[in-house]
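So the chains spell out like this:
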Amino acid sequence: EAGVAQSPRYKIIEKRQSVAFWCNPISGHATLYWYQQILGQGPKLLIQFQNNGVVDDSQLPKDRFSAERLKGVDSTLKIQPAKLEDSAVYLCASSLWASEETQYFGPGTRLLVL
Amino acid sequence: QKEVEQDPGPLSVPEGAIVSLNCTYSNSAFQYFMWYRQYSRKGPELLMYTYSSGNKEDGRFTAQVDKSSKYISLFIRDSQPSDSATYLCAGFQGGSEKLVFGKGTKLTVNP
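Residues numbered from 1 in each chain as written. Chains lettered and ligands numbered in written order. Predicted model: local features only at pLDDT ≥ 70, side-chain atom pairs only at ≥ 80, totals over all residues. Heavy atoms only, no water.

A.B. asks: Can you lay out the pattern of salt bridges for me, pointing to particular residues and giving the numbers?
C.D. replies: Opposite charge on two side chains permits them to pair, given that their charged atoms come into close proximity. Taken as a whole, this structure holds 6 salt bridges over all chains when the rule is applied. Where Asp 57 of chain A meets Lys 62 of chain A, a salt bridge forms, and the shortest distance between an N and an O atom there is 3.7 Å. Here Glu 45 of chain B and Arg 37 of chain B are joined by a salt bridge, their closest N and O atoms 3.2 Å apart. (Salt bridge = Lys/Arg side-chain N within 4 Å of Asp/Glu carboxyl O.)

A.B. asks: Give a description of the sheet that holds strand β3 (residues 19-24) of chain A that names residues and reports values.
C.D. replies: Residues and elements named next belong to chain A. The 4 strands lie next to each other as β1-β3-β8-β7, forming an open sheet whose pairing is antiparallel. In the strand order of this sheet, the two ends are held by β1 (5-7) and β7 (65-69), each with one partner. Each neighbouring strand pair of the sheet contributes to a mean axis angle of 15 degrees, computed without reference to strand direction. Sheet topology places β3 next to strand β8 (residues 75-79); 5 bridges connect them, and they run antiparallel. Among the inter-strand pairings, Ala 20 is bridged to a residue of β8, identified as Lys 78. (Pairing = 2+ DSSP bridges. Helix = DSSP H or I, 4+ residues; strand = E, 2+ residues; numbered from the N terminus. Axes fitted to C-alpha atoms, helices over the stretch in contact; angles between N-to-C directions.)

A.B. asks: Which residues make up the sheet that holds strand β8 (residues 71-76) of chain B, and what are the values?
C.D. replies: Residues and elements named next belong to chain B. Within the open sheet, the 5 strands sit side by side as β1-β3-β8-β7-β6. Their pairing is antiparallel. Each of the sheet's edge strands pairs with one partner strand only, and the pair in question is β1 (4-6) and β6 (54-58). Across the sheet, the axes of successive neighbouring strands diverge by a mean angle of 20 degrees, strand direction being ignored. Alignment of β6 against strand β7 (residues 61-66), held across 5 bridges, turns out to be antiparallel.

Below is the structure:
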């Protein structure tokens, strides 16, 4: 079974630029999550999708972050404009259903904002 | 107070040692408690989870939950250099379907 795929793996941008990350979840998984992991911290949930609908985006900084899930499969997370404090690893995870306690994580995209 | 508190370490032990990793939590509604292992530059992978209180054993790993004291533990027996990683504890609440992580403890097992 293929795991969660993410791209790019690394990205370096200057502040005020925009950036987008892509995630392809495990086939058949209805729930998709985006997490932000700052160095030395645990992952923090940004947004959760159930199929192509948003379940929880309470911790997403909506003035600069946006996310969508195309046709309930792939998802993109965008930051525009980026700030220095957005430097982090952005992790995508998926699970069969929202109530499923087991989430499978991708390798993450490491973002550095200069 | 953060929902899940975890001492970030770092923790360094010799090969073969018994390792004890601990977390405390404040959210009484958590039903599942997870331990994830994260190697450098990789995503977290689920090691094991327990439902409610009690113990769960899987090979060299034992997870314990004490809901009365809101304490979560992971024990690693006969630790190996390949166990060197960051260990993240997390709580899961079925109603909110949210996974809340601790900061993670960085473990190094020296050969």
